[in-house]
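Per-entry structural report
Listed here are the chains, written in short residue letters.
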Amino acid sequence: MVWKNIILRIFQSENPKLEYEKEKENLKNVEIISFDGSRKESFLFLNLKDKYGDIEVKKLAEYENLQFYSKEIKKVGYFLEMDTNVASYIDRLCKGTLEEDKKRDILEIIQILDKKRENFQLGANLYIWENVVKGINDEIIVDTMRSVNYAMNHTMYKDLNDKKLDDEDKKIKKQIEVIKKEKEKLEKEKYFPICSLLLKVFCIKISKKNIYEQVKELVDFINETLCMYMENEVLLCLMYLLNDKMIKDSKFFKTEKNSNKKNVIKNIKGMAWDLLHFRMKQSYLIENQKNIIKLPIIITADKGMSSIIEINKMRFFSFYKENENIDSVVIYENNVISYLEELKSNNKVSSDKILEIFSQLYDKENITKRIRKRDAVNYKILFDEILNNVL
């Protein structure tokens, strides 16, 4: 679409705000959110610390630097999500079985949020999606979310058995059914493509090829077999192949050369789920109603998810919304090209040579070919084929 080309040109300029002013007549249904530079908006921010014991509070961007290029959005709210670990802590807190150190951390978070309850919406997608995908019994999910709803809204209920919580249980059950219906599509279009990419890069990494041969194999796989280019995921794979310190320190790629098949599957699927969470949470920025934007905040005790958010946060986010039509563009703090430019001082590898190989991904003919072939790819079968060919 034309608006996307304009947006990309704006984001790539030295002064995006100035470029926007020149083009805004062509972007009447487009909102641009910037997390780059000095904060311009006087909106209320939640005063949560970054860490409470092993629980971390993660933002997908530097929200403190929030700016809106148009003037349509008048208010900022928050969409608070938690992972399975944190949800289980709250469940055990409500049932009196949580360890004292974790109890202290959870209570501190709840006390801070109590004072700002009108400014955030409690979300359950992260927890429910993760457990539906794992095949966890519906009743266990509903029971845990009952504890979460009670703890986060405890002034509204007498205790965990308050009949008013039954209405929240019904909402969760409906949400589970909706997610079950969406699960197959999500797995086909996003989850298994990410799984296949991660598994392939692991296979490439343990091969005896030199780094340039490895990079070429990755590029060929994306162009010819995966038929899908995912900027953030591809950057992480490249950093992994190049033994980047940030990737090593994050311990995101947990799979090792001598891992057995069961562990490889478990680790790859866990990593893919973390990356998919990151993508799904971006969609909340689009769900603005009545000139309100909701910024996702993730409360997690998952080190992999936490580290992957830190490695590459959003820099700009834009979306086009007209009637029922919604589309978006995300620009991260880093991309393959900017990353390789920074590597030029590293004498161990030639970033120019790697960039030359990667240029095949941005070739117009290859982009067209990937799009044309994509619908014919069964990503679940592809994942199984890669797995069976290697292990």
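Refer to the structure above for everything that follows.
Residues numbered from 1 in each chain as written. Predicted model: local features only at pLDDT ≥ 70, side-chain atom pairs only at ≥ 80, totals over all residues. Heavy atoms only, no water.

Considerations on the layout of surface pockets
So the rule is basically this: Here a cavity is any set of points on a 1 Å grid over the protein atoms alone where a 1.4 Å probe fits but cannot get out, and a pocket is any open set with protein on both sides within 12 Å along at least 5 of 7 lines; a residue lines the site when it has an atom within 4 Å of a point. Grid points are joined across faces, edges and corners, and a volume is the space filled by probe spheres set on the points. Each helix is a run of H or I in the DSSP string that is no shorter than four residues. Each strand is a run of E no shorter than two, and both are numbered from the N terminus. Residues were grouped as follows: Ala, Val, Leu, Ile, Met, Phe, Trp, Tyr, Cys and Pro as nonpolar; Asp, Glu, Lys and Arg as charged; and all remaining residues, including Gly, as polar.
Roughly 490 Å³ of volume is contained in the second largest pocket. Along its surface, the second largest pocket is lined by 22 residues, and Glu130, Lys134, Lys269, Gly270 and Trp273 are the ones closest to its centre. Of all elements in the fold, only helix 3 (84-94), helix 5 (125-134), helix 7 (165-205), helix 11 (261-282) and helix 12 (303-311) reach the threshold of two or more residues within the lining of the second largest pocket. The element contributing the most residues to the lining of the second largest pocket is helix 11, with 8 residues. Across the lining of the second largest pocket, the residue classes tally to 6 nonpolar, 6 polar and 10 charged.

Some thoughts on the packing of aromatic side chains
Let me state the cut-off plainly: Within 6.5 Å between ring centres, the rings of Phe, Tyr and Trp (the latter by its six-membered ring) count as paired, and their orientation is classed by plane angle as stacked under 30 degrees, edge-to-face over 60, tilted in between. In this scheme, a residue with accessible area under 20% of its type's maximum is buried, one over 50% is exposed, and one in between is partly exposed, where area comes from a 1.4 Å probe on protein chains only. Whether a charge sits over a ring comes down to the Lys NZ or Arg CZ being within 6 Å of the ring centre and within 35 degrees of the ring normal.
For the structure on display, the rule yields 10 aromatic pairs. An angle of 50 degrees between the planes, with centres 5.8 Å apart, marks the rings of Phe35 and Tyr63 as tilted. One end of the pair, Phe35, is in the loop between strand 1 (30-34) and strand 2 (51-52); the other, Tyr63, is in the loop between strand 3 (55-59) and strand 4 (67-68), with 28 residues separating them in the sequence. Phe35 sits in the buried class, given a relative accessible area of 4%. Aromatic side chains Tyr191 and Phe192 sit 5.1 Å apart centroid to centroid with 70 degrees between the ring planes, which places their arrangement in the edge-to-face category. The ring of Tyr240 has Lys205 sitting right over it, with the charged end atom 5.4 Å from the ring centre.

Examining empty space enclosed by the protein
Under the defined criterion, the tally for this structure stands at 1 cavity of 30 Å³ or more. Of the pockets and cavities examined, the largest cavity occupies roughly 40 Å³. Along its surface, the largest cavity is lined by Met82, Val86, Ile90, Ile106, Ile109, Ile110, Met152 and Ile299. Listed by contribution, the elements that provide at least two residues to the lining of the largest cavity are helix 3 and helix 4 (100-114). For the lining of the largest cavity, the element with the highest residue contribution is helix 4, accounting for 3 residues. A per-class count over the lining of the largest cavity returns 8 nonpolar, no polar and no charged.

Considering the packing of helix 7 against helix 16 (residues 379-390)
What counts here: To get an axis, fit a line to the C-alpha atoms, keeping to the stretch in contact for a helix; angles then go from 0 to 180 degrees between the N-to-C directions. Note on angle classes: values under 35 degrees are labelled roughly parallel, values over 145 roughly antiparallel, values of 65 to 115 roughly perpendicular, and the remainder oblique. Take the far helix as your reference; a near helix turned counterclockwise from it by less than a right angle gives a left-handed crossing, and one turned clockwise gives a right-handed crossing. Whether two residues touch is decided by their heavy atoms; if any such pair falls within 4.5 Å, the residues are in contact.
Their axes nearest at 8 Å, the elements helix 7 and helix 16 cross at an angle of 20 degrees. As summarised for this structure, helix 7 and helix 16 are arranged roughly parallel, according to the angle between their axes. The chirality of how helix 7 crosses helix 16 is left-handed. For the pair formed by helix 7 and helix 16, the contact residues are Lys188, Phe192, Pro193, Cys195, Ser196, Leu199, Lys200 and Cys203 on the first element and Tyr379, Lys380, Leu382, Phe383, Ile386, Leu387 and Val390 on the second. In the contact of helix 7 with helix 16, the residues fall into 11 nonpolar, 1 polar and 3 charged.

Here we look at the side chain of Thr300
Rules: We call two N or O atoms a polar contact when they sit within 3.5 Å, provided that within protein one can donate a hydrogen and the other can accept it, with sequence-adjacent residues counted only if both atoms are side-chain atoms.
Its location among the elements puts Thr300 in strand 7 (residues 292-300). A relative accessible area of 1% means that Thr300 is categorised as buried. Here the side chain of Thr300 touches Asp302 through a polar contact of 2.8 Å, landing on its backbone nitrogen.

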